[in-house]
Amino acid sequence: AGIDAGVVGDATTHDDRGFVVVGDRTISNFDGKGLGTVGLQEILDHSINTGAVFVSQQLGTGAFRRYLSELGFGRRTGIELPNESSGLVENLDKGGEVEIATASFGQGIAVTPIQMTTALGTIANGGVLLKPHIVDRLEILGGADRVTEPEVMRRVFKEATSQKITDLLVNVVDNALLGGTVALPHYRVAAKTGTAQLPNRERGGYYDDRFLHTFFGYLPGSEQKFLTF
């Protein structure tokens, strides 16, 4: 969103001290350590929380909320499955700087796996959000098969933004992920890991030793065919 709105770009740098004070709260990186002056690539490579906060602050509260809404967070996707949830993003409606800051790296809101897959697919699909489906084709005996065609819901990002983010994510795989040892010589793979703290329902706050690890990626990086989350 920051790239798409033009508030950050190749020349953007962030002074990562390992923490940032937002309002009356101190938000830290996962290890509390700072990496000094970093660019967008390093923010992605090292999952720098303070870097995500920095980008959200450049974007502004209103624009941040609009982009998340356009990506489908907080609304049902309409996929052909029962009891779909719309997620929990009402925290952003408060418009507080702390809520926006924590949401920038994934805390304080809740989204469903299909919402996240659809949103990430927007990057892979050149910036347009497609309606998700679970059935490719319905074969009708004695009649014409009903084929599911791609259905564009709306454009969220410029195509140039999609390509830029793809390049950043390919560099994550080729150079940063496990030191570049998982890079594939004949394929451009765009991917990113994610690590989330789990809430402690008994004492409040988060567990210190429990995490949810996620991974998403799509390939080939120049003509995307497959996405996994």
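On a predicted model such as this, the values are computed, not experimentally measured, just so you know.

Caption draft 1: Fine view of the overall build of the chain. Of the regular secondary structure elements, the chain holds 7 helices and 11 strands. Relative to a compact globule of 229 residues, whose C-alpha radius of gyration would be 17 Å, the chain shows 19 Å and is just as compact. With respect to the three principal axes, the spread of C-alpha positions in the chain is 65 × 45 × 35 Å. Burial status across the chain gives 37% buried among its 229 residues. Here the analysis covers contacts within the chain between residues at least 6 apart in sequence; of these, 56% occur between residues at least 24 apart. For the chain, the accessible surface area stands at approximately 13400 Å², while carbon and sulfur atoms represent 53% of it.

Caption draft 2: Quick peek at the sheet that holds strand β11 (residues 226-228). The strand order across the open sheet built from 3 strands is β9-β10-β11, with neighbouring strands paired in antiparallel fashion. The open sheet has two free edges, formed respectively by β9 (190-199) and β11, since each of these has just one partner strand. Taken pair by pair, the neighbouring strands of this sheet meet at an average axis angle of 10°, ignoring direction. By the bridge criterion, 9 bridges tie β9 to strand β10 (residues 206-219) in an arrangement that is antiparallel. Looking at β10, one finds that Lys192 is bridged to Phe216. Where helix α6 (residues 113-124) meets the sheet, its contacts fall on β10 and β11, and the angle it forms with β11 comes to roughly 140°. Running at roughly 80° to β9, helix α7 (residues 159-176) makes contact with β9 and β10 of the sheet.

Caption draft 3: Region of interest: helix α4 (residues 61-70). Inspection of α4 places Ala63, Phe64, Tyr67 and Leu68 among the buried residues, and these make up the whole buried set. Angular distribution of buried residues about the axis of α4 spans 135°; they occupy a single face of the element. Where α4 is buried, its residues meet α1 (2-5), α3 (49-59) and α5 (97-103). Of the residues trailing α4, Gly72 is marked for its positive phi of about 100°.

Caption draft 4: Inspection of the environment of Asp24 at higher detail. Within the secondary structure, Asp24 sits in the loop between β2 (19-22) and β3 (25-28). A sequence separation of 176 residues divides Asp24 from Asn200, and the C-alpha atoms of the two residues are 22 Å apart.

Caption draft 5: The arrangement of the nonpolar core in detail. Judged by nonpolar contacts, the single largest core of 24 residues is most densely connected at Phe64, Leu92 and Tyr218. Elements with a contribution of two residues or more to this core: α4, α5, α6, α7 and β10. If sequence neighbours within four positions are ignored, Phe64 has contacts with Ser56, Leu59, Leu92, Ile100, Ala103 and Ser104. Counting 7 residues, the second-largest nonpolar core is a separate cluster that includes Val38, Leu40, Ile43 and Ile48.

Caption draft 6: Structural detail: the pattern of salt bridges. All chains considered together, the criterion is met by 9 salt bridges. Here the salt bridges do not stand alone but share partners, grouping Arg137, Glu139 and Asp145 into one network.

Caption draft 7: Up close: the environment of Glu80. Within the secondary structure layout, Glu80 lies in the loop between α4 and α5. For the pair Glu80 and Ile134, spaced 54 residues apart in sequence, the C-alpha to C-alpha distance is 6.7 Å. Those residues within four positions of Glu80 in sequence are excluded, and the remaining contacts are Pro132, His133 and Ile134. For Glu80, the side chain forms a polar contact with the side chain of His133, separated by 2.7 Å. Within polar-contact distance, the side chain of Glu80 engages the backbone nitrogen of Ile134 at 3.2 Å.

Criteria and cut-off values
- Residues numbered from 1 in each chain as written.
- Predicted model: local features only at pLDDT ≥ 70, side-chain atom pairs only at ≥ 80, totals over all residues.
- Heavy atoms only, no water.
- Helix = DSSP H or I, 4+ residues; strand = E, 2+ residues; numbered from the N terminus.
- Rg over C-alpha atoms; globule rule 2.2 N^0.38 Å.
- Buried < 20%, exposed > 50% of the residue type's maximum accessible area, 1.4 Å probe, protein only.
- Contact = heavy atoms within 4.5 Å.
- Areas by Shrake-Rupley, 256 points an atom, 1.4 Å probe, with all protein chains shown as cover.
- Pairing = 2+ DSSP bridges.
- Axes fitted to C-alpha atoms, helices over the stretch in contact; angles between N-to-C directions.
- Arc of directions from axis to C-beta.
- Core = buried A, V, L, I, M, F, W, Y, C linked by side-chain atoms within 4.5 Å.
- Salt bridge = Lys/Arg side-chain N within 4 Å of Asp/Glu carboxyl O.
- Polar contact = N/O pair within 3.5 Å; in protein donor to acceptor, adjacent residues only side chain to side chain.

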